[in-house]
Structure formats: C-alpha cells, structure tokens
Amino acid sequence: PAFIRLSEDDIWGVRKAVAESLVSMSRAVDEQTRVEALIPICLRFVGEMSRWVRIATFQHLGPFISTIPADKITPTLLKHYTKMASTTGDSAFQSQAS
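Here the residue numbering is sequential within each chain, running from 1 through the sequence in written order. The predicted origin of the model limits local features to residues at a pLDDT of at least 70 and limits the giving and counting of side-chain atom pairs to 80 or more, whereas totals for whole chains, interfaces and linings rest on all residues. Computation of side-chain values: all heavy atoms of the structure, hydrogens and water removed.

A. Structural context of the overall build of the chain. Across its full length, the chain holds six helices and zero strands. The order of α-helices and β-strands along the chain, N terminus first, is α-α-α-α-α-α. Working definition: with a 1.4 Å probe on protein chains only, accessible area under 20% of the residue-type maximum means buried, over 50% means exposed, and in between means partly exposed. Looking at the 98 residues of the chain, the share that counts as buried comes to 35%. Counted over contacts in the chain with a minimum sequence separation of 6, partners at least 24 positions apart contribute 61%. Throughout, the Shrake-Rupley method with a 1.4 Å probe supplies accessible areas, and for residues the shown protein chains are the sole cover considered. In the form shown here, the chain has an accessible surface area of approximately 5,500 Å², with 57% of it arising from carbon and sulfur atoms. Counting from the N terminus, the helices are the DSSP runs of H or I reaching at least four residues and the strands are the DSSP runs of E reaching at least two. In this description, contact between two residues means that some pair of their heavy atoms is separated by no more than 4.5 Å.

Encoded structure:
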C-alpha cells in the first residue's frame, strides 16, 4: 500500500504530509485498516525524529482518534492525547516514543 510506504519515506516532508492526511485516510478506509495500519503509523509518528512530523501528528491526533471505534482505541494512543494537555510549550511536541 502506497500510504504505508509514504509513511516510511526518507524525506520528512513526505511523512509530515502523511501525518496531516491521517484523518482523511482513516475516514476513507475500513475499520480493520484503521486498526492494523493507521494506528501503528500514528504511534510511530508520535516518536518521530522530525519535530515537524511530530507536531503535525499531535495537531491531528484528536480528530484521528475520533475516527477509531471506541473499543479499538489503545491506551497508548489515549496517553499521548491526554499528555498534550498536561505539558506546556514546545515540550508537548518533543519525542514521546515511550
């Protein structure tokens, strides 16, 4: 699948574009693809080396989570979302791979 390949591209701008389109892609695919392909991409982007990819991911994290069925939302995904509310400034977008 092209979307998955693009999410692994060497160019950070391509990965950022993938992060920015996660919500639209999630709305366009079936539940299985959301859970098996898109959640792992999102989680990988949360710990991404490029701060621009991380920022784009966090900016779209809430809307992305809203496309996932409630019983499929992982605790890790929720942890990253709620952690944004308890951090300040640029530290909210620093690598949160843990």
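B. Region of the structure containing the pattern of salt bridges. Any Lys or Arg side-chain nitrogen located within 4 Å of an Asp or Glu carboxyl oxygen qualifies as a salt bridge. The full count for this structure, using the stated rule, is two salt bridges. Across the pair Glu48 and Arg15 runs a salt bridge whose closest N-O atoms are separated by 2.6 Å. One end of the pair, Glu48, is in the loop between helix H4 (31-46) and helix H5 (51-65); the other, Arg15, is in helix H2 (residues 12-20), with 33 residues separating them in the sequence. The exposure classification of Glu48 matches that of Arg15, with both residues buried. Note that Glu20 is salt-bridged to Lys16, the shortest N-O span being 2.7 Å. Highlighted residues: Glu20 and Lys16, both in helix H2, separated by four residues, approximately one helical turn.

C. Spotlight on the nonpolar core. Among the buried residues, those of types Ala, Val, Leu, Ile, Met, Phe, Trp, Tyr and Cys that are joined through side-chain atoms within 4.5 Å form a nonpolar core. Core analysis: the biggest nonpolar cluster contains 19 residues, and Leu22, Ile41, Phe64 and Leu77 have the highest contact counts within it. Taken together, the elements giving at least two residues each to this core come down to H2, helix H3 (22-28), H4 and H5. If we ignore the near neighbours within four places in the chain, the residues touching Leu77 are Ile39, Cys42, Leu43, Leu61, Phe64 and Ile65.

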